[in-house]
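Okay, here's what each chain looks like letter by letter:
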Amino acid sequence: QMQLDRHYYSMREAFLKVDTDRSGWLSKQEFNTILRMFNINVKDKELDALIAAFDANRDGKVSWTEFCNTIENGPWLSDAN
């Protein structure tokens, strides 16, 4: 549990670091920055697909809540069972 808490603290810290305008959500450019912070490099088309997966309300941005919900309950988890 403690390791999970540290992981989420790190992600929250990363989210806040790249949310430079303090809007509470990540733009496409900010989302790409957070991916690069975790050494995840994607092409533009892949980035669009990732944002679509995270953007639950389809407003074109990724909020902290959407980010956490997708990390915890992402579509990739259904294939794990």
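This is a predicted model, so every value here is computed, not measured.

## A word on the packing of aromatic side chains
Part 1 of the argument: Under the defined criterion, the tally for this structure stands at six aromatic pairs.
Part 2 of the argument: With centroids separated by 5.9 Å and ring planes inclined at 55 degrees, the aromatic side chains of F15 and F67 adopt a geometry described as tilted. One end of the pair, F15, is in helix α1 (residues 2-18); the other, F67, is in helix α4 (residues 64-73), and 52 residues separate them in sequence.
Part 3 of the argument: For F15, a relative accessible area of 1% translates into the label buried.
Part 4 of the argument: Arranged with centres 5.8 Å apart and planes meeting at 25 degrees, the rings of W64 and F67 form a pair that is stacked. Of this pair, W64 and F67 both sit in helix α4, three residues apart, roughly one helical turn.
Part 5 of the argument: Through a chain of ring-to-ring contacts, three or more aromatic side chains come together here, namely F15, F31, F54, W64 and F67.
Part 6 of the argument: Over the aromatic face of W64 sits the side chain of R12, whose NZ or CZ is 4.7 Å from the ring centroid.

## As for helix α3 (residues 44-54)
Part 1 of the argument: Among the residues of α3, those classed as buried are L47, I51 and F54. Taken end-on, α3 shows its buried residues confined to a sector of 65 degrees, consistent with a single buried face.
Part 2 of the argument: In this fold, the buried residues of α3 make contact with α2 (28-37), β2 (62-63) and α4.

## Focus: the pattern of salt bridges
Part 1 of the argument: Tallying each qualifying case throughout the model produces two salt bridges.
Part 2 of the argument: Across the salt bridge formed by K28 and D44, the nearest N and O atoms sit 2.9 Å from each other. On the criterion of sequence distance, the pair formed by K28 in helix α2 and D44 in helix α3 is long-range, its members being 16 residues apart.
Part 3 of the argument: As a salt-bridge pair, D48 and K28 come within 2.8 Å of each other at their nearest N and O atoms. Pair noted here: D48 is in helix α3 and K28 is in helix α2, with a separation of 20 residues, a long-range link.
Part 4 of the argument: Exposure remark for K28: the relative accessible area of 32% places this residue in the partly exposed category.

Rules used throughout
- Residues numbered from 1 in each chain as written.
- Predicted model: local features only at pLDDT ≥ 70, side-chain atom pairs only at ≥ 80, totals over all residues.
- Heavy atoms only, no water.
- Phe/Tyr/Trp six-rings, centres within 6.5 Å; stacked < 30°, edge-to-face > 60°.
- Helix = DSSP H or I, 4+ residues; strand = E, 2+ residues; numbered from the N terminus.
- Buried < 20%, exposed > 50% of the residue type's maximum accessible area, 1.4 Å probe, protein only.
- Lys NZ or Arg CZ within 6 Å of the ring centre and 35° of its normal.
- Arc of directions from axis to C-beta.
- Contact = heavy atoms within 4.5 Å.
- Salt bridge = Lys/Arg side-chain N within 4 Å of Asp/Glu carboxyl O.

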